[in-house]
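Structure at a glance
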Amino acid sequence: MITHTKYDPKEIEGKWQARWEADQIYHASDESPKPNFYHLVMFPYPSGDLHMGHWYNYSPFDAYGRFKRMQGYNVMQPIGFDAFGLPAENAAIKRGVQARTWTLSNIENMRKQLRAMGAQWDWQREVITCLPDYYKWTQWLFLQFYKKGLAYRTKAPANWCPGCNTTLANEQVLADGTCERCGSVVIRKEIDQWLLKISAYAERLLDFSEVVDWPEKTITMQRNWIGRSEGAEIRFSAEINGQIEEVPVFTTRPDTIYGVTFFVLAPEHPWVEKITTPDQRAEVDAYVTQARRMTEIERMSTEKEKSGVFTGAYVTNPVSGEKIPVWIADYVLMSYGAGAIMGVPAHDQRDFEFARKFGIPIREVIRTEGEEATDPATWTEAKEALGVMVNSGPFDGTPGEESKARVIAYIEEKGIGHSKINYRLRDWLISRQRYWGAPIPIVYCPEHGTVPVPEDQLPVWLPENVQFKATGESPLRYEPDFVNTTCPICGGPATREADTMDTFIDSSWYYLRYADPHNETAAWSPEKLQDWLPVNQYIGGVEHAILHLLYSRFFVKALHDMGHLNFDEPFQRLFHQGMVLGSDGQKMSKSRGNVEAPDKYVSKYGSDTVRCYMMFIGPFDAGGSFRADNLEGIWRFLNRVWALIGDTWINTPSTKGSNESKAIERLRHKTIKRVTEDLSNFRFNTALAALMEFNNALIKQQRDPVAQSAAYQEALVTLLQLLAPFAPHITDELWQQIGHTDSIHTTEWPAYVEELTQDEAFTLVVQVNGKVRERMEVAADISEEEVRKLALENERVQSFIGSASVQKVIYIPGRLVNIVVRNA
């Protein structure tokens, strides 16, 4: 037996955190003989403080990483900070400090909090995206995309947030048309902007065959966002200023070509200016101005009433030869297809609603086989299903399964169109008219135009001390030392690009830098990436499914094609954690008054208690409510473990066997199996429940002679090892107190023997005609013949059988036997 003081986390946790760091036991060596395991969590934004969401995410994440380390892997579990972006810039402006000063101060505070968590962070691999040694390589990556034609500048409509004074990618505009950051109503504005050609990878991004284990929900979300559509591009024509011009239209329903009764252009379409007749000019111009004030999401809303204006012009249907009136309507976008659609109101609901509102004819051209013809004027909705072609000239009678292919073959033969695959995915807008981001490494020369900064001149330094304008404009535009430069080609006067990059650029490659964070001559060494990448296990929120996760996949595929990587998927396995809620069951928010800061609970109970509680409140992927009172239960559990080890540990246990020690040995193996399987499948709450049951079973027998046995003492060792990933400080302290000099976290994960996880006996339920008549303890390996014999010979069972004849005996192994009888 050992003697020790009362469990005091304040005394032991700081000690062990300092020792782990001094011994560097969590640094993943590039030279380890063990198999590498890259374990990654989405890195935090340096807001200044860790919140309960961080603890809920990082505690189970760390437990899994520790589990893999004890299983014999060389685990790399790095941490860093996604440090650029608007929140830091806005906070700095509000407080009258520089963004860099504010950000680095927050990082320093969060480092302390992350260390206090007791996680096995590999601090030697830390990356901070706002420092030049990182954004130099962000700029280098931009240049690689530029050289391959995947980065380009154009003037086009963009989502503009007036609150943040910057552009937003489509993915950053919420469904209600507001900015995801500040809530301002987003408008459309045409400006020069830089984009990455993610659309070139649309088809590749639909392929998930190289990932090992991703949530199906996330895969579906990405596929829906990419939005692959098969159909045809058909060229309609119009006479403009005495010349015949054509405009392509993409449609997924070429079989409805004879049902076109109107034609719609997006308000921004270049044809609008050219074809609008003088008498319609004023009305069209007013509508175009109104549409430009709306976001794409507002315009595409199915709940919005359809609106539009007739241009006074007509186009020719290339298949039917019919003249079709041209309208403009805000539900048509330049970003989809070619910014023009053929209106088929009989067979498209949006077109149906538009035609009904403006009195446009509705013509049925598809009919379900066997259906009687009806007047479309009596319809209440469009008929969108496939069917037999009618009122379609030479195509009449073509069945639905052949209709699309036959029309496509016709337009290709006539040279008026072709089959085509279209995607909803638009190119990624990366320009931000803000200061706190990586400068885009481009200069503009009066003679040579757009010129990339030579790689040996990187980084393009971001000024550290800038003056912000009251308008919210980027101060970079007014920093002469930054803006004014020389052309890399001719040496003449030139100006720098004043836009900075979207911060999602930084997070699209940070996981690559972790493998080689201190490389000063390259973004990474190919050899180190080959050793560590792709990421074996990635954990983070599902809210990043069509932002960070999609962008990262695009980056890796593009870099693979450029020859920089030998893999084309960044993350093999992906797991989404749930959300920790307030005690009222609602999402934590200041407005609800249900936000809980973790620091006060860590101070009161210690990190191990808070860690274990965050893993115990519910399934990791489902989340749960944080209720401070329930911390007491975990606190008591850890105190019982502390007391159990102190009261019952002996250095020279008895080697004598007994039935009790055999039972303990079976319980030990069963617990190892349960915890191993639960940890392997991210079931942290049920793994902890198994450990609580194991601990309680050992406590019940701690005063019995069996507590002196080798089996019992081995059970104590196993208890500590299984608990170590969950509660790293208390287990290392107790490990030392029972005589070990090494850290428990460097020991081997306990193994179990399958045979010993099975009970030696079980309770056999005996039924007669389905009614329970007896229960008896029998050996676990009993045969069916022995079960039959025991049941039929049992006196109590015989009394219920009486003179009846036994028809059959039904045995369900390990559970029950039912004797079916019939009265004579």
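Remember, predicted model here, so these are calculated numbers, not experimental data. The numbers attached to residues start from 1 for each chain and follow its sequence in the written order. Two thresholds apply to this predicted model, a pLDDT of at least 70 for residue-level local features and 80 or more for giving and counting side-chain atom pairs, whereas whole-chain, interface and lining totals are computed over all residues. Heavy atoms throughout the structure, all of them, feed into the side-chain values; hydrogens and water do not.

Moving on, we get to the side chain of Arg-69. Examined against the element boundaries, Arg-69 turns out to sit in helix H2 (residues 52-70). The rule is simple: take the accessible area with a 1.4 Å probe, protein chains only, and divide by the maximum for that residue type; under 20% is buried, over 50% is exposed, in between is partly exposed. We score Asp and Glu as negative and Lys and Arg as positive, and we do not count His or the chain ends. Salt bridges are identified by distance alone: a Lys or Arg side-chain nitrogen within 4 Å of an Asp or Glu carboxyl oxygen. One buried charged residue, Arg-69, remains without a salt bridge, the closest side chain of opposite sign being Asp-122 at 6.9 Å. Working rule for contacts: check all heavy atoms of both residues, and any pair within 4.5 Å makes them a contact. Leave out the neighbours within four places in its chain, and Arg-69 touches Ile-25, Tyr-26, Val-75, Gln-120 and His-745. A run of DSSP states H or I qualifies as a helix once it reaches four residues; a run of E qualifies as a strand once it reaches two. Both are numbered from the N-terminal end.

The next thing to look at is helix H22 (residues 684-700). The end-to-end C-alpha separation of H22 is 25 Å, in line with the 24 Å expected for 17 residues at 1.5 Å each. Those residues of H22 that are buried are in contact with H2, helix H19 (607-616), helix H20 (631-648), helix H21 (659-680) and helix H23 (710-723). An expected span of 1.5 Å times one less than the residue number is assigned to each helix.

Before going further, it helps to examine the pattern of salt bridges. Opposite charge on two side chains makes pairing possible when the charged atoms of those side chains draw close. Scanning the entire structure with this criterion turns up 42 salt bridges. The residue Glu-364 makes a salt bridge to Arg-367 at a minimum N-O spacing of 3.1 Å. The buried category is assigned to Glu-364, whose relative accessible area is 4%. The class for Arg-367 is buried, based on a relative accessible area of 18%. Within the structure, one salt-bridge network assembled from shared partners comprises Arg-204, Arg-553, Lys-557, Asp-561, Asp-568 and Glu-569.

Here Ile-634 is to be found in helix H20. For Ile-634, a relative accessible area of 2% gives the class buried. Spatially, the C-alpha atoms of Ile-634 and Met-614 are 10.0 Å apart, while their sequence positions differ by 20 residues. Not counting chain neighbours up to four residues away, the residues in contact with Ile-634 comprise Thr-609, Cys-612, Tyr-613, Phe-616 and Met-692.

A few words on the packing of H23 against helix H24 (residues 728-737). Between H23 and H24, the least distance of the axes is 9 Å, while the angle of their chain directions is 150°. When the interaxial angle is binned, H23 and H24 end up roughly antiparallel. As for the relative orientation of H23 and H24, their crossing is left-handed in sense. Between H23 and H24, the contacting residues are Val-717, Leu-720, Gln-721 and Leu-723 on the first element and Thr-731, Leu-734 and Trp-735 on the second. Only Asp, Glu, Lys and Arg are considered charged, only Ala, Val, Leu, Ile, Met, Phe, Trp, Tyr, Cys and Pro nonpolar, and every remaining residue, Gly among them, polar. Its residues assigned to classes, the contact of H23 with H24 shows five nonpolar, two polar and no charged. Every axis corresponds to a line fitted to the C-alpha atoms, with the helix fit spanning only the stretch in contact, and the corresponding angles, defined between N-to-C directions, vary from 0 to 180 degrees. Note on terminology: angles under 35 degrees are roughly parallel, angles over 145 are roughly antiparallel, angles of 65 to 115 are roughly perpendicular, and the others are oblique. By convention, the crossing between two helices is left-handed when the near helix turns anticlockwise from the far helix through less than a right angle, and right-handed when the turn is clockwise.

With that out of the way, let us pick up the sheet that holds strand S19 (residues 484-486). Paired strands, as defined in this entry, are two strands with at least two bridges between them according to DSSP. One open sheet holds the four strands; their spatial order is S18-S17-S20-S19, and the pairing between them is antiparallel. Bordering the open sheet on either side are strand S18 (449-452) and S19, each of which pairs with just one other strand. Taking the axes of each pair of neighbouring strands and ignoring which way they run, one obtains an average angle of 40° across the sheet. Pairing of S19 with strand S20 (residues 493-496), which is carried by three bridges, proceeds in the antiparallel orientation.

Right, let's get into the packing of helix H7 (residues 216-226) against helix H17 (residues 548-562). The angle between the axes and the distance between the axes are what describe a pair of packed helices. Packing of H7 against H17 leaves a shortest axis separation of 11 Å and a crossing angle of 75°. Looking at the two axes, H7 sits roughly perpendicular to H17. Between H7 and H17, the residues in contact are Thr-218, Gln-222, Trp-225 and Ile-226 and Leu-549, Leu-550 and Arg-553, respectively. The residue makeup of the contact of H7 with H17, split by class, is four nonpolar, two polar and one charged.

For Phe, Tyr and Trp, where Trp contributes only its six-membered ring, two rings pair if their centres lie within 6.5 Å, and the inter-plane angle classes them as stacked under 30 degrees, edge-to-face over 60, or tilted in between. Under the counting rule described, the total for this entry stands at 52 aromatic pairs. An angle of 80° between the planes, with centres 4.9 Å apart, marks the rings of Phe-84 and Trp-436 as edge-to-face. With Phe-84 in the loop between strand S2 (74-76) and helix H3 (86-95) and Trp-436 in the loop between strand S16 (431-432) and strand S17 (442-445), this pair connects stretches of sequence that are 352 residues apart. Neither Phe-84 nor Trp-436 differs from the other in exposure class; each is buried. Within the aromatic cluster, the residues linked to one another by ring pairs are Phe-37, Tyr-56, Tyr-64, Phe-67, Tyr-73, Phe-575, Phe-620, Phe-682, Phe-684 and Trp-749. Lysine and arginine charges are scored as sitting over a ring when NZ or CZ, respectively, is within 6 Å of the ring centre and within 35 degrees of the ring normal. Positioned over the ring face of Tyr-152 is Lys-197, at 5.6 Å from the centre of the ring. Stacked on the ring of Tyr-331, the Lys or Arg Lys-306 has its end atom at 5.7 Å from the ring centre.

On to the domain arrangement of the chain, then. How large an interface is tends to be reported as the accessible area lost when its parts come together. Splitting the chain by domain gives domain 1 (9-132 + 506-581), domain 2 (228-423), domain 3 (628-756) and domain 4 (761-822). Each of domain 1 and domain 2 has a C-alpha centre, and these two points are 49 Å apart. A domain assignment, automatic or from a database, supplies the domain bounds used here.

Moving on, we come to the sheet that holds strand S22 (residues 535-539). Spatial strand order, S2-S1-S22-S23: four strands in an open sheet with parallel pairing. The open sheet has two edge strands, S2 and strand S23 (571-575), and neither has a second partner. Strand-to-strand, the axes of this sheet are offset by a mean angle of 25°, without reference to chain direction. Judged from the four bridges that link them, S22 and S23 form a sheet pairing that is parallel. Bridge assignment links Val-535 to a residue of S23, and that residue is Phe-571. Its contacts with the sheet put H17 on S22 and S23, and the angle it makes with S23 is roughly 175°.

Any two cysteine sulfur atoms within 2.5 Å of one another count as a disulfide. Applying the stated rule across the entire model yields zero disulfides. No disulfide involves Cys-490; its nearest neighbouring cysteine sulfur is the one of Cys-487, lying 3.8 Å away. With a relative accessible area of 38%, Cys-490 lands in the partly exposed category.

This part covers unusual backbone geometry. Comment: phi is negative for the bulk of residues other than glycine, and the bulk of peptide bonds are trans. In this structure, Pro-459 follows Leu-458 across a cis peptide bond, with omega equal to 5°. Relative to the helices and strands, Pro-459 resides in the loop between S18 and helix H13 (480-483). Of note, the phi angle at Gln-24 is positive, near 55°, even though the residue is not glycine. Tracing the backbone through its elements, the reader meets Gln-24 in the loop between helix H1 (9-23) and strand S1 (36-41).

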